[in-house]
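Spelled out, the chains give:
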Amino acid sequence: PAPQVKRGQRILKEKPFAFVLQSKYRLERCDNCLEATKVLKCSNCRYVSYCNRACQMQAWGQHKHECPFLKKVHPRTVPDAARMLCRLILRLEHGGDLIRGYYTEHGSRKFRDLMSREFKQYVPEESQLTSFLYPDYAEIKNDAMRLEHLDSLHAVLTDMMAESPSTVPNKTELMSIYGRLITNGFNVLDAEMNSIATAIYLGVSITDHSCKPNAVATFEGNELHVHATEDMECLDWSKIFISYIDLLNTPEQRRLDLKNHYYFLCVCSKCTDPQETREMTAGLCPNRNCGVPINMEKSNCRRCNTGISPKMRNAYNEVTAFTRSSLESMKDVAYLDVCQVCLDKQAGVLHPLNVWHVKTLDAAFEAAIDVGKWTEALDYGQRLLPGFRKYHGAWNPLLGLLLMKLGKIQLFEQHAKEAQHHLEEALRILTVTHGRDHRLLSEQLHPLLQQARHEAS
């Protein structure tokens, strides 16, 4: 029988219950539609900015409650998490507790239905889910960093709302809101997949995590869209999974990220498969005629039987440690020369699909684009493709964007045939992940593809 849900079908479209533009963008993006454009400040608080009168009026329903509090602390910058909590508190105080977010015609969730901490356990076939809700906030109470963060946020809110002290919830109530925020908050992404805002969506909170997702969340302004990336027999939200985290990490790191942020242990098929870790941490067989990935804990290559010497094992450990610390130091901005040093050290030691090599290529690709070194960018981007295909999967927006960027550079470098090939593949992927009507396709990808086809003919 034909599946009820087709790959590429939009299965959910939802406006946020509450959202906050990251403060670093408040002078260059609209606080309502999140568009990067010329903006004008709110004449009262001078804190938020809007692109036009229509956006200002649309936002006023929520902004009018926070406006006096933001005015009080101006010109200081309010931490994003504090402003988000402020918005949630005010939203709930003004009838937000009755608002429902729908994920099917009849299925809906209110803010109080969101789990404030969850421990999720996936059975191997990923078809069932058991969730335990602990009413005593045990995970947060035992997390010293979270408690410290909550205390600092409480102090900021108390200062902001000094003229309306009854508005500030007590610490138990604040912990309940904070818990729901940290385990249900979404990073709102722009077209290039950069995080620009934080939001809570009620309906989509029904969706659970898998490191092997069958759906993807993308954004058009502040609106969230969920598209199926696989055919499904029916719309059953207990069998629909998105990824909460960066998949370009070892199972150990992914599980740590999920445990630290969402308080659950992922036991999906990818996290429990030892082969996944072996592939992601593989060395390269020293026999140049072989080239297979090798497990550095073994004494020989499984294919050609070439021995793995202690000297080679030490080199592998040193290169991995050097790469990890270099990438950590470049979290905010990648430097092309540092990336190249890492790649030189990795050559002949790490397998091309080793996750640390793939991460370095990713950083090098973006760094080369930033400084306009197009030939180097093309080289890094093409070497990056196999790793992105393997670890992000065939229907991931990050793979589609990589292909689009490659095509754009090839077009600039007058390689129209190659550009057309990459842009057509990008279109195939991004049509599934974003939908045919998304502005990324209509405003960026289609014009590039049209140009490539014209120049290639």
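Definitions and limits used
The numbering scheme is per chain: residues are counted from 1 as the chain's sequence reads. With the structure being a predicted model, the display of local features is reserved for residues of pLDDT at least 70 and the display and counting of side-chain atom pairs for 80 or more, all residues being used for whole-chain, interface and lining totals. Values shown for side chains rest on all heavy atoms present in the structure; no hydrogens or waters enter the calculation. pLDDT measures the predictor's confidence residue by residue and takes values from 0 up to 100. Contacts are assigned to residue pairs that have any heavy atoms within 4.5 Å of one another. In this text, helices come from DSSP runs of H or I with a minimum length of four residues, and strands from runs of E with a minimum of two, each type numbered from the N-terminal end. By convention a nonpolar core is built from buried Ala, Val, Leu, Ile, Met, Phe, Trp, Tyr and Cys residues, the set being connected through side-chain atoms within 4.5 Å. Each residue gets one of three labels from its accessible area relative to the maximum for its type: buried under 20%, exposed over 50%, partly exposed in between, using a 1.4 Å probe on protein chains only. Here is the rule: rings of Phe, Tyr and Trp (six-membered ring for Trp) pair when centre to centre is within 6.5 Å. Planes less than 30 degrees apart are stacked, more than 60 are edge-to-face, and the remainder are tilted. When a carboxyl oxygen of Asp or Glu is within 4 Å of a side-chain nitrogen of Lys or Arg, the pair counts as a salt bridge. Lines fitted to C-alpha atoms define the axes here, with helix axes fitted over just the stretch in contact, and angles between the N-to-C directions of these axes take values from 0 to 180 degrees. Should an angle fall under 35 degrees it is taken as roughly parallel, and over 145 as roughly antiparallel, whereas 65 to 115 is taken as roughly perpendicular and any remaining angle as oblique. Handedness of each helix crossing follows the sense of rotation of the near helix against the far helix: counterclockwise by less than a right angle gives left-handed, clockwise gives right-handed. Side-chain classes follow a simple rule in which Ala, Val, Leu, Ile, Met, Phe, Trp, Tyr, Cys and Pro form the nonpolar group, Asp, Glu, Lys and Arg form the charged group, and the remainder, Gly included, forms the polar group.

A closer look at the confidence of the model for the protein
Point 1. For the protein, the mean per-residue pLDDT works out to 92, and 95% of the residues sit at or above 70.
Point 2. Scored below 50 in pLDDT, residues 116–136 makes 64 contacts in the model with residues more than four places away or belonging to other chains.

Regarding unusual backbone geometry
Point 1. A cis amide bond links His-74 to the next residue, Pro-75, at an omega of 10°.
Point 2. Position of Pro-75 relative to the elements: it lies in the loop between α1 (53–73) and α2 (80–93).
Point 3. Positive phi is not limited to glycine here, since Leu-34 has a value of about 70°.
Point 4. Counting through the fold element by element, Leu-34 comes out in the loop between β2 (18–21) and β3 (40–41).
Point 5. In this structure, Met-193 takes a positive phi of about 70° despite not being glycine.
Point 6. Mapped onto the elements of the fold, Met-193 is located in the loop between β9 (186–189) and β10 (195–200).

Let's talk about the nonpolar core
Point 1. Counting residues in each nonpolar core, the largest one holds 57 residues, and the members touching the most others are Ile-294, Phe-365, Tyr-380, Met-404 and Leu-445.
Point 2. Every element with two or more residues in this core is listed here: α8 (310–329), α9 (336–346), α10 (355–370), α11 (374–392), α12 (397–412), α13 (416–434) and α14 (439–456).
Point 3. The element best represented in this core is α10, accounting for 9 residues.
Point 4. Look past the residues within four positions of Ile-294 in its chain and what remains in contact with it is Ala-282, Gly-283, Leu-284, Cys-285, Pro-286, Cys-301, Ile-308 and Met-312.

Concerning the packing of aromatic side chains
Point 1. This model, assessed by the stated rule, comprises 8 aromatic pairs.
Point 2. Judged by centre distance (5.8 Å) and plane angle (85°), the ring pair of Phe-186 and Tyr-201 falls under edge-to-face. Placement of the pair is Phe-186 in strand β9 and Tyr-201 in the loop between β10 and β11 (208–209), with a sequence separation of 15 residues. An identical accessibility class is assigned to Phe-186 and Tyr-201; each is buried.
Point 3. With a centroid separation of 6.2 Å and an interplanar angle of 45°, the aromatic rings of Tyr-201 and Phe-219 are classed as tilted. Within this pair, whereas Tyr-201 is found in the loop between β10 and β11, its partner Phe-219 is found in strand β12 (residues 215–220), the two being separated by 18 residues in sequence.
Point 4. On the accessibility criterion, Tyr-201 (0% relative accessible area) is buried.

With respect to the pattern of salt bridges
Point 1. Counted according to the given criterion, the structure contains 20 salt bridges.
Point 2. We note a salt bridge from Glu-66 to Arg-87, for which the minimum N-O separation is 3.1 Å. Of this pair, Glu-66 sits in helix α1 while Arg-87 sits in helix α2, and the two are 21 residues apart along the sequence. Judged on exposure class, the residue Glu-66 and its partner Arg-87 are both buried.
Point 3. Taken together, the shared-partner salt bridges in this structure form one network comprising Asp-31, Glu-66, Arg-83 and Arg-87.

Points about the packing of α9 against α10
The axes of two packed helices give the description: the angle between them and the distance between them.
Point 1. Here α9 crosses α10 at 150°, and the two axes come no closer than 9 Å. Viewed along their axes, α9 and α10 adopt a mutual orientation that is roughly antiparallel. The handedness of the crossing between α9 and α10 comes out as left-handed. Counted together, Leu-336, Cys-339, Cys-342, Leu-343 and Gln-346 of α9 and Trp-356, His-357, Thr-360, Leu-361, Ala-363, Ala-364, Ala-367 and Ala-368 of α10 form the full contact between these two elements.
Point 2. Tallied by class, the residues present in the contact of α9 with α10 amount to 10 nonpolar, 3 polar and no charged.

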